[in-house]
Amino acid sequence: MSPGEDPGLMPPEEFLECLFQWFAHNRRDLPWRVEYSPYRVLVAEVMLAQTQVPRVIPYYCRFLERFPDVSTLASALREEVLLAWEGLGYYRRAHHLHEAAQRIVERFQGCIPADFETLRRLPGIGPYIASAILGIGYNLPVLAIDTNVRRVLSRVFGAGEDVNLREIGNLLISHMPSGKARHLNEALMDFGALVCLSQKPRCSLCPFRGFCTFVKDAGRESRIRQQRTLLEICVAVCCAGEEVLLTRSEGKLFPGLWGLPFREQDGEDPRAWIDALGERYGFLPLGFQECGVVAHAYTRYRVRARVLRVSGKRTGMLSEAAWVAFRELPRYPLPSLFRKALALVRPGEYRP
Ligand code: SF4
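In this text, all values refer to a predicted model and were calculated from it rather than measured experimentally.

**So, the side chain of H98**
Piece 1. Assignment of secondary structure puts H98 in helix α6 (residues 92–108).
Piece 2. There is a polar contact of 3.0 Å between the side chain of H98 and the backbone oxygen of A76.
Piece 3. Leaving out residues up to four positions away in the same chain, H98 has contacts with L73, A74, A76, L77, R78 and V81.

Pasting the structure below:
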């Protein structure tokens, strides 16, 4: 990369490596991290929902000493629970926590459910706490997005504007080493709490500053909006039966992300390119059809994409390609432009 050149979005593997290195030296020692259980995460997250960490710590320790598990909490009198909560404020949380414990004992034999929808039906458990129980308590591949995590991802990846926050979360989850969900959740929370502060982020200490869209955009956002470069590309939706070909993007648009194969438009007949795609990705193209044009604006580019539906047969399996069933595609974190292209190819069946 030459000096001054925009490095684009940070590749997820690199982000994770930097984040985990940072976390290895900066992890906060907190009482709910001494020993892990879904119950401990539940209590900690309910307390932290409206209250700062330093204030929660003594309450959490006393509460766990008095109610060490969900059964003890469920069988306690409401007055005892409120007494342990006294001074922490927002007492509705204590009522909900007590009711949730009772329901867990009655309906789930005292075992906190490891399922998002079931958790959400318990009193006082919103999407964030449910995700934290799964991602931290159970160490399942789920990202809990609180305000700290939202801020870090929004700033580093520009999520919220060009990139969907959930897509970025899924991308990180899919790239993290297995069994590291707890690690990833805590590292993002700590990074947001210690470095990427909401006011005055400590960018000079930040390992992501070379990629961070917040830094890149600071002071020049309006200029960039006016100066977005128009990029015209051609996108191939290669179909073999009910499966579609995904490849890793190369070049300045979506570097390193999975998506549909594309190339910059040069006005030439796309046949030779389609044949080359077939050879490279183990696919025999039998014909193609023009489906129309889709457009999407990103921070630096306005992209217009001519969409081709290419029909053919698979001839081999290559590691740099993935064949995914159409019905599975909504679960993949694809850039919005490709979602629009897929919706054009399969109207009514695929919704971006
Ligand atoms: S460079 Fe600054 S704004 Fe960007 S992630 Fe790092 S601390 Fe946050």
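**With respect to the packing of helix α3 (residues 53–66) against helix α5 (residues 78–85)**
Piece 1. Contact geometry of α3 with α5 gives a least axis separation of 9 Å together with a crossing angle of 150°. Classified by the angle between their axes, α3 and α5 sit roughly antiparallel to one another. Within the contact between the two elements, α3 uses Y59, F63 and R66 and α5 uses E80, V81, A84 and W85.
Piece 2. Considered class by class, the residues forming the contact of α3 with α5 number five nonpolar, no polar and two charged.

**Things to note about α6**
Piece 1. A rise of 1.5 Å per residue sets the reference length of α6, with its 17 residues, at 24 Å; its end C-alpha atoms lie 23 Å apart and thus fit the reference within 8%.
Piece 2. R93, A94, L97, H98, A100, A101 and I104 are the residues of α6 that are buried. Down the axis of α6, the sector holding all buried residues measures 160°, keeping them to one side. Exposed and oriented more than 90 degrees from the buried face of α6 are R92, E106 and R107.
Piece 3. Where α6 is buried, its residues contact α2 (38–48), α3, α4 (70–75) and α5.
Piece 4. Where α6 ends, the next residue or the one after it, Q109, has phi of about 50°, a positive value.

**Structural notes on the packing of helix α1 (residues 12–26) against helix α10 (residues 165–175)**
Piece 1. The contact between α1 and α10 brings their axes to 9 Å, and the two run at 75°. In terms of orientation, α1 and α10 fall into the roughly perpendicular class. Of α10, the residues touching α1 (which contributes P12, E13, F15 and L16) are L171, L172 and H175.
Piece 2. Split by residue class, the contact of α1 with α10 holds five nonpolar, one polar and one charged.

**Re the domain arrangement of the chain**
Piece 1. Along its sequence, the chain is carved into domain 1 (12–205) and domain 2 (228–345).
Piece 2. Each of domain 1 and domain 2 has a C-alpha centre, and the two are 38 Å apart.
Piece 3. Across the boundary between the two partners, domain 1 contributes eight residues, which contact twelve residues of domain 2.
Piece 4. At the boundary of domain 1 with domain 2, total buried surface from both sides reaches about 740 Å², with 45% on carbon and sulfur atoms.
Piece 5. Joining domain 1 to domain 2, the criterion identifies one salt bridge.
Piece 6. The partner of R339 in a salt bridge is E167, with the nearest N and O atoms 3.3 Å apart.
Piece 7. Connecting domain 1 to domain 2 are one residue pair in polar contact (both at pLDDT 80 or more).

**Looking at the state of the cysteines**
Note on terminology: a disulfide is the covalent bond linking the sulfur atoms of two cysteines.
Piece 1. Counting across every chain of the model gives zero disulfides.
Piece 2. Considering cysteine sulfurs only, C206 is the nearest to C18, which forms no disulfide, with 8.7 Å between them.

Reading the values: rules and limits
In this convention, every chain numbers its residues from 1, walking through the sequence in written order. Whole-chain, interface and lining totals are the exception, using all residues; otherwise, since this is a predicted model, local features are given only for residues with pLDDT of at least 70 and side-chain atom pairs are given and counted only at 80 or more. The basis for the side-chain values is all heavy atoms of the structure; hydrogens and waters are excluded. A run of H or I in DSSP becomes a helix once it reaches four residues, and a run of E becomes a strand once it reaches two; helices and strands are each numbered from the N terminus. By the criterion applied in these results, polar contacts are pairs of N or O atoms within 3.5 Å in which, for protein atoms, one can donate a hydrogen and the other can accept it, and in which residues neighboring in sequence qualify only through two side-chain atoms. Any two residues whose heavy atoms approach within 4.5 Å at even a single point are treated as in contact. Structural elements are reduced to axes, namely lines fitted to C-alpha atoms, with helices fitted over the stretch in contact, and the angle between N-to-C directions of any two is expressed from 0 to 180 degrees. Should an angle fall under 35 degrees it is taken as roughly parallel, and over 145 as roughly antiparallel, whereas 65 to 115 is taken as roughly perpendicular and any remaining angle as oblique. Each residue is assigned to one class: nonpolar for Ala, Val, Leu, Ile, Met, Phe, Trp, Tyr, Cys and Pro, charged for Asp, Glu, Lys and Arg, and polar for all the others, Gly among them. Multiplying 1.5 Å by the residue count of a helix minus one yields the expected span of that helix. Think of it in three bands: with a 1.4 Å probe and only protein chains considered, a residue is buried below 20% of the maximum accessible area for its type, exposed above 50%, and partly exposed in between. For this quantity, the arc is that covered by the directions from the helix axis to the C-beta atoms. Where each domain begins and ends follows an automated or database-derived domain assignment. The term buried area means the drop in 1.4 Å probe accessible area that two parts suffer when joined, counted for both and summed. Basic side-chain nitrogens of Lys or Arg form a salt bridge, by our definition, when they fall within 4 Å of a carboxyl oxygen of Asp or Glu. Disulfides are defined as pairs of cysteine sulfur atoms found within 2.5 Å of each other.

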